[in-house]
Amino acid sequence: MIADTPEAWDVLDTKERFDGHVFRIVTDTVRMPREEVADRDYVVHPGAVAVLALDDQDRVLMIRQYRHPTRMLLWELPAGLRDVEGEPLVATAARELAEEAGYRADTWYTLIDLRSSPGMTDERIRVFLARGLSKIPDEENGFVHRHEEVDMPVEWVPLADAVEKALMGMIHNSPAVAGILAAYAASVEGFALLRPADAPEA
């Protein structure tokens, strides 16, 4: 059976290298097979959520945001950190959709779960599918955009076009690419195989 499973090798020592606003960097000394020992550096991350918002015309809501490490403006899905203790992930996703794009959704599903770069971080990303979308009136949405989110455009992209742009290397953000391709694949079955929004994470 092809399914990722939990496994934890013995950690003999841990050294913290950096403690920042969002993430930490640590070095674990890990016992390997055949009694070998090796150091593994990685980023300890709180995790994130992203939202593939799909309207009645099968268009994906996308935003464009500056990402300093890449020195690029990237087309992305509304997304954000899991930074509210105890908040259900779907509530975090709904908050990000409202804050970043000014929309709400009636129906939510779990679309796909990702490990963004498992060789260097423990970050988990859950991408939700949001349907039944409606614009939030400006007077109800008091979120103030700052830093990279200032003047962040919102565009509606037909799902098939988004798939083509991902395959042609025009969209690079990993949750966006994964979410777009997953939504396209799930649409073949009318989204009937998707898990509920509160499905447990592995």
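Here, every reference points to the structure presented above.
Everything numeric here is computed off the predicted structure, so don't read it as measured data. (Residues numbered from 1 in each chain as written. Predicted model: local features only at pLDDT ≥ 70, side-chain atom pairs only at ≥ 80, totals over all residues. Heavy atoms only, no water.)

## As for the overall build of the protein
Check the secondary structure of the protein and you find 3 helices and 11 strands. If you list the helices and strands of the protein from N to C, you get β-β-β-β-β-β-β-α-β-β-β-α-α-β. With the C-alpha coordinates of the protein rotated into their principal frame, the extents come out at 60 × 40 × 35 Å. Sequence-distant contacts, at least 24 apart, represent 59% of the contacts inside the protein between residues at least 6 apart. Summing over all exposed atoms, the protein offers an accessible surface of approximately 12,400 Å²; the carbon and sulfur share of this is 52%. Computed over 21 positive and 37 negative side-chain charges, the inter-centroid distance for the protein is 3 Å. (Helix = DSSP H or I, 4+ residues; strand = E, 2+ residues; numbered from the N terminus. Contact = heavy atoms within 4.5 Å. Areas by Shrake-Rupley, 256 points an atom, 1.4 Å probe, with all protein chains shown as cover. Lys, Arg positive; Asp, Glu negative; His and termini not counted. Charge placed at Lys NZ, Arg CZ, Asp CG, Glu CD.)

## Concerning the pattern of salt bridges
By the definition in use, this model includes 14 salt bridges. Here K15 and D13 are joined by a salt bridge, their closest N and O atoms 2.7 Å apart. The partly exposed category is assigned to K15, whose relative accessible area is 40%. Residue D13 is classed as partly exposed on the basis of its relative accessible area, which comes to 33%. Of the charged contacts, one joins D58 and R131 as a salt bridge, the two residues approaching to 3.9 Å between their closest N and O atoms. Of this pair, D58 sits in the loop between β4 (48-53) and β5 (59-67) while R131 sits in strand β9 (residues 124-135); the two residues are 73 residues apart in sequence, bridging distant segments of the chain. Since its relative accessible area comes to 39%, D58 is described here as partly exposed. Among the residues examined, R131 registers a relative accessible area of 18% and is labelled buried. Each member of the salt-bridge network shares a partner with another, and the members are D83, E87, R95 and E96. (Salt bridge = Lys/Arg side-chain N within 4 Å of Asp/Glu carboxyl O. Buried < 20%, exposed > 50% of the residue type's maximum accessible area, 1.4 Å probe, protein only.)

## Thoughts on the sheet that holds strand β10 (residues 154-158)
In space, the 3 strands of this open sheet follow the order β6-β5-β10, with antiparallel pairing throughout. What marks the edges here is a single partner per strand, and that holds for β6 (72-76) and β10. Strand-to-strand twist across the sheet, computed as the mean angle between neighbouring axes with direction ignored, equals 35°. In this sheet, β10 lies alongside β5 in antiparallel orientation, the contact comprising 5 bridges. In the sheet register, L61 faces β10, and the bridge partner there is W156. (Pairing = 2+ DSSP bridges. Axes fitted to C-alpha atoms, helices over the stretch in contact; angles between N-to-C directions.)

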